[in-house]
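Fold and geometry: a report
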Amino acid sequence: METLQEYKKMGIKVGAGKYHEEIVYGIGLVYISMVNVIDAYLKQYDLTPTDMNILMLVKHQGESQGISQVDLGHRLMVTAHNMTRAIQRLEKKGLLKRVSYNKDARVNLVTVTTKGSRQLDVIWPGYERKLHDLAGKLSVDDQKDLAGLLQKLLNNKGA
């Protein structure tokens, strides 16, 4: 994607002093570009980027005890309805399972199945390579600087 062309389509004038616009739209364009690359990679496994995020979060943060469906939705900023549909889709594939929390039957805990864990182990090396390639367009020093700047933006939540 040609960034200047995309900016022009949105009416953004690069270098016109409206850096706030360049930042916000630039982050959005980078996100879309990266999601497209990741989406293309995950298609061969019949997964979406959202599916991958769910599986990774459940496996690594839920571990063996699981993670509540509500907490999972909050962490991924997904509506309850969309989270339910995504989990149902992953359950049908045998990658996740839901169990009632023994202390509160209204709460579902989500865990990764053995099949889901194995699939993540197969997917991860290529996924990691894609992330590395995407970030690799910048030098390591630039990557560190950008990571620091993004943290500043994220830590300034009140803005």
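Structure: above.
Here's what I pulled together on the structure shown here. (Residues numbered from 1 in each chain as written. Predicted model: local features only at pLDDT ≥ 70, side-chain atom pairs only at ≥ 80, totals over all residues. Heavy atoms only, no water.)

**Comments concerning the overall build of the protein chain**
Helix and strand content of the protein chain: 7 helices and 3 strands. Along the protein chain, from the amino end to the carboxyl end, the secondary structure elements read α-α-α-β-α-α-β-β-α-α. Residues classed as buried in the protein chain amount to 27% of the 159 residues present. When contacts within the protein chain are restricted to residue pairs at least 6 apart in sequence, those whose partners lie at least 24 apart make up 47%. (Helix = DSSP H or I, 4+ residues; strand = E, 2+ residues; numbered from the N terminus. Buried < 20%, exposed > 50% of the residue type's maximum accessible area, 1.4 Å probe, protein only. Contact = heavy atoms within 4.5 Å.)

**Re a nonpolar patch on the surface**
Judged by side-chain polarity, Tyr19, Ile23, Val24, Ile27, Leu138, Leu146, Leu149, Leu150, Leu153 and Leu154 come together as a nonpolar surface patch covering roughly 910 Å² of accessible area. Of all the secondary structure elements, the ones that give two or more residues to the nonpolar patch are helix H2 (19-43) and helix H7 (140-155). Of the residues forming the nonpolar patch, the biggest block, 5 residues, is contributed by H7. Relative to the helices and strands, Ile23 resides in helix H2. (Patch = residues over 30% accessible without salt bridge, like charges linked within 9 Å, V, L, I, M, F, W, Y side chains within 5 Å. Areas by Shrake-Rupley, 256 points an atom, 1.4 Å probe, with all protein chains shown as cover. Salt bridge = Lys/Arg side-chain N within 4 Å of Asp/Glu carboxyl O.)

**Digging into the pattern of salt bridges**
Evaluation of the coordinates by the stated rule reveals 6 salt bridges. We note a salt bridge from Lys43 to Asp39, for which the minimum N-O separation is 3.2 Å. Here Lys43 pairs with Asp39, and both are found in helix H2, just 4 residues apart, close to one helical turn. A residue is classified by how much of its surface remains accessible, and Lys43, at 55% relative accessible area, is exposed. In this structure, the salt-bridge partner of Arg75 is Asp71, at a minimum N-O distance of 3.0 Å. In this pair, Arg75 and Asp71 are both assigned in helix H4 (residues 69-76), 4 residues apart and thus about one turn of the helix distant. For Asp71, a relative accessible area of 27% puts it in the partly exposed group.

Geometric values such as these leave the question of function open.
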